[in-house]
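What the coordinates show
The residues making up each chain are set out below.
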Amino acid sequence: MILVTGVGGQLGRLIFDGLVATGAEVTAGSRAPESLTVPARRVDFDDPSSLVGGFDGVRTLVLVSAGFGEDDVVMARHRAAIEAAGRSGVAHVIYTSLFGGGDHLSLATAHRYTEHLLSTAQFGYTILRNGLYAELFALEVMRAATQGVVASAWGEGRVRPVARADLAAAAVVVADEVERAARRGVPSRHRNRSYDLGGVEPVGAVEIAIMVAGATGREIERRDVSLADVRAELAELGLPAYQVGHVLSIVSGIRAGHLDNDTSDLADLIGRAPFSVEHALLDAAGVPA
């Protein structure tokens, strides 16, 4: 059986639904299983006592990163899940991590910590190093569409966003193949492998202005702003302090040219071309193409 954590979130639910479509025996793990309309068990990373029973009978665990929290909280959650997986007899853990080009980001710390824990565990693992979600950049696209302005601190830097649906498709391929191999009693090609699933097309402030102009038919102004301006705007949105830090890390990483990494296993893994960056960004922002 496959268990997918984080089904209350977008990525977890996309993975769960994709596995259902393959005919896999799959259940959801959630801190509030009663809120879901699918087969689910209570799996609460903040309550380790819920994990051993929650993972009972699970052969393949899709561990969707529990990233909403300070690093110490996230690392404790992931350690509890991995230790419980070992005690429960889970044979293989698939973890949604951060793409290799993201090592400069503050987001990377908890992910690399978790990857190390998996590399020393007694079960098989696959690490899916996901690129940055297109949704992270929806604000820039929505502002351009509604106000006619791309106000960006990216400078001339570019990033390669990924559609969440493509990342979910990669996880479905891996989990389904791992589970099928286990049922046949043969090794999986994904055992103890890491895949870099960064985006395949770069986009910067200029490209956002061009794509929004094409979609809306209006002229789009490009305006450079400072990181201090971004910080002030994020504070006005009422985001937790750790989220403000992570977003600023991404923006400064783009500006420094660290996030335009063209290495990606995504197309090979899902067996098709990923969604275009234009489709991913406009869809994430709710702007009709």
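Here, every reference points to the structure presented above.
Structure report, in brief.

**A word on the overall build of the protein**
- Counting its secondary structure elements, the protein contains 11 helices and 9 strands.
- Here the protein has a C-alpha radius of gyration of 19 Å; the compact-globule value for 289 residues is 19 Å, and the two agree.
- Counting only C-alpha atoms and orienting by the principal axes, one finds that the protein spans roughly 60 × 35 × 35 Å.
- Out of the 289 residues belonging to the protein, those deemed buried represent 51%.
- In the protein, of all internal contacts separated by at least 6 residues, the share reaching a separation of at least 24 is 75%.
- Of the roughly 12,600 Å² that the protein leaves accessible, carbon and sulfur atoms contribute 51%.
- Counting 26 positive and 35 negative side-chain charges, the protein places the centres of these two groups 5 Å from one another.

**Focus on the side chain of threonine 96**
- Position of threonine 96 among the secondary structure elements: in strand 5 (residues 92–98).
- When residues no more than four places from it in sequence are discounted, the contact partners of threonine 96 are Leu11, Leu63, Val64, Ser65, His111, Leu128 and Asn130.

**Thoughts on the packing of helix 7 (residues 205–216) against helix 11 (residues 277–285)**
- Where helix 7 meets helix 11, the axes come as close as 11 Å, and the angle between the chain directions of the two elements is 70 degrees. One element, helix 7, and the other, helix 11, form an angle in the roughly perpendicular class. Between helix 7 and helix 11 the crossing geometry is right-handed. Facing helix 7, whose interface residues are Ile208, Met211, Val212 and Ala215, helix 11 presents Glu278, Leu281 and Leu282.

**Section: the pairing of strand 2 (residues 26–30)**
- Across the 5 residues of strand 2, 5 count as buried, placing the element largely inside the fold.
- The alternating pattern of strand 2 places Val26, Ala28 and Ser30 and Thr27 and Gly29 on opposite faces, both of which are buried.
- Where strand 1 (residues 2–5) and strand 2 come together, 4 bridges link them in parallel fashion. Residue pairing in the sheet places leucine 3 in a bridge with threonine 27 of strand 2.
- Here 3 bridges tie strand 2 to strand 3 (residues 40–42), and the two strands are oriented parallel to one another. When the sheet's bridge partners are listed, serine 30 is paired in strand 3 with arginine 42.

**Focus: the sheet that holds strand 4 (residues 60–63)**
- Read across the sheet, 7 strands follow the order 3-2-1-4-5-6-8 without closing on themselves; strand pairing throughout is parallel. Of all the strands in the sheet, just strand 3 and strand 8 (193–197) have a single pairing partner and so form its edges. Direction aside, neighbouring strands of the sheet carry axes that sit 20 degrees apart on average.
- In this structure, strand 6 (residues 124–130) lies alongside strand 8, joined through 5 bridges in parallel fashion. In the strand pairing of strand 8, arginine 129 is matched with aspartate 196.

Here is what the cut-offs are and how they apply
Residues numbered from 1 in each chain as written. Predicted model: local features only at pLDDT ≥ 70, side-chain atom pairs only at ≥ 80, totals over all residues. Heavy atoms only, no water. Helix = DSSP H or I, 4+ residues; strand = E, 2+ residues; numbered from the N terminus. Rg over C-alpha atoms; globule rule 2.2 N^0.38 Å. Buried < 20%, exposed > 50% of the residue type's maximum accessible area, 1.4 Å probe, protein only. Contact = heavy atoms within 4.5 Å. Areas by Shrake-Rupley, 256 points an atom, 1.4 Å probe, with all protein chains shown as cover. Lys, Arg positive; Asp, Glu negative; His and termini not counted. Charge placed at Lys NZ, Arg CZ, Asp CG, Glu CD. Axes fitted to C-alpha atoms, helices over the stretch in contact; angles between N-to-C directions. Parallel < 35°, antiparallel > 145°, perpendicular 65-115°, else oblique. Left-handed = near helix turned anticlockwise from the far one by under 90°. Pairing = 2+ DSSP bridges.

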